[in-house]
Every structure is written in C-alpha cells, then in structure tokens.
Amino acid sequence: MTPRFPPIRNALLRQELPWLVGEVVLLLILFNANPPELWFWLVVLVVVLLYRIERWWSSRPGA
C-alpha cells in the first residue's frame, strides 16, 4: 500500500513543485559531487535558478 498525500490545492505551488524538487535534487548532487564534476553541477544549478528568476520576473503582473 503506497501512502497517499493530500492534493495540493494551490495552483502556483502545484506548478512550481517539479522545479523545486529538481533544484533540491541538484543541490543534493552538488553536495556529493567530486571536485572535477562539482563545477559542472554548480553551473547547472545556477542556470536553472537564473532561468526560474527570469520566468518569475517576466510573469509579474505589471510586466
């Protein structure tokens, strides 16, 4: 029997949840990375965060 979580009613949180999970996974990978691949995963995380900030900035009501 798999546990059932209550549905997320907030539409914005439901939309952002996959991105948040992905960013947490990237952080976990980054914390466990060896020095040669550390820079690669750090760049991946920064690119994802910059993309999310840009999308958030462009979706402002006054923009």
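Residues numbered from 1 in each chain as written. Predicted model: local features only at pLDDT ≥ 70, side-chain atom pairs only at ≥ 80, totals over all residues. Heavy atoms only, no water.

For the structure on display, the rule yields 2 aromatic pairs. When the ring of W19 is compared with that of Y51, the centres are 5.5 Å apart and the planes differ by 40°; the resulting orientation is tilted. Linking W19 in helix α1 (residues 11-32) with Y51 in helix α2 (residues 35-58), this pair joins segments that are 32 residues apart in sequence. Exposure remark for W19: the relative accessible area of 34% places this residue in the partly exposed category. On the basis of relative accessibility, which here comes to 39%, the residue Y51 falls in the partly exposed class. Aromatic side chains F40 and W41 sit 5.0 Å apart centroid to centroid with 75° between the ring planes, which places their arrangement in the edge-to-face category. You can call W41 partly exposed: its relative accessible area is 22%. (Phe/Tyr/Trp six-rings, centres within 6.5 Å; stacked < 30°, edge-to-face > 60°. Helix = DSSP H or I, 4+ residues; strand = E, 2+ residues; numbered from the N terminus. Buried < 20%, exposed > 50% of the residue type's maximum accessible area, 1.4 Å probe, protein only.)

This brings us to a nonpolar patch on the surface. Taken together, the side chains of W39, L42, V46, L50, I53, W56 and W57 make up a nonpolar region of the molecular surface, amounting to roughly 800 Å² of accessible area. With respect to the helices and strands, W39 occurs in helix α2. (Patch = residues over 30% accessible without salt bridge, like charges linked within 9 Å, V, L, I, M, F, W, Y side chains within 5 Å. Areas by Shrake-Rupley, 256 points an atom, 1.4 Å probe, with all protein chains shown as cover. Salt bridge = Lys/Arg side-chain N within 4 Å of Asp/Glu carboxyl O.)

Moving on, we get to the pattern of salt bridges. Evaluated as defined, the whole model comprises 1 salt bridge. Salt-bridge contacts for E16 lead to R52; the nearest nitrogen and oxygen are separated by 2.2 Å. With E16 in helix α1 and R52 in helix α2, this pair connects stretches of sequence that are 36 residues apart.

Here the focus is α1. The first and last C-alpha atoms of α1 sit 33 Å apart over 22 residues, in line with the 32 Å expected at 1.5 Å per residue. The sharpest bend along α1 comes to roughly 40°, located at L17, with the proline P18 sitting one to four residues further on. Buried residues of α1: E23, L26 and L30, and no others. On its buried face, α1 is in contact with α2. (Expected span 1.5 Å × (residues − 1). Bend = angle between axes of the 7 residues up to and from the residue. Contact = heavy atoms within 4.5 Å.)

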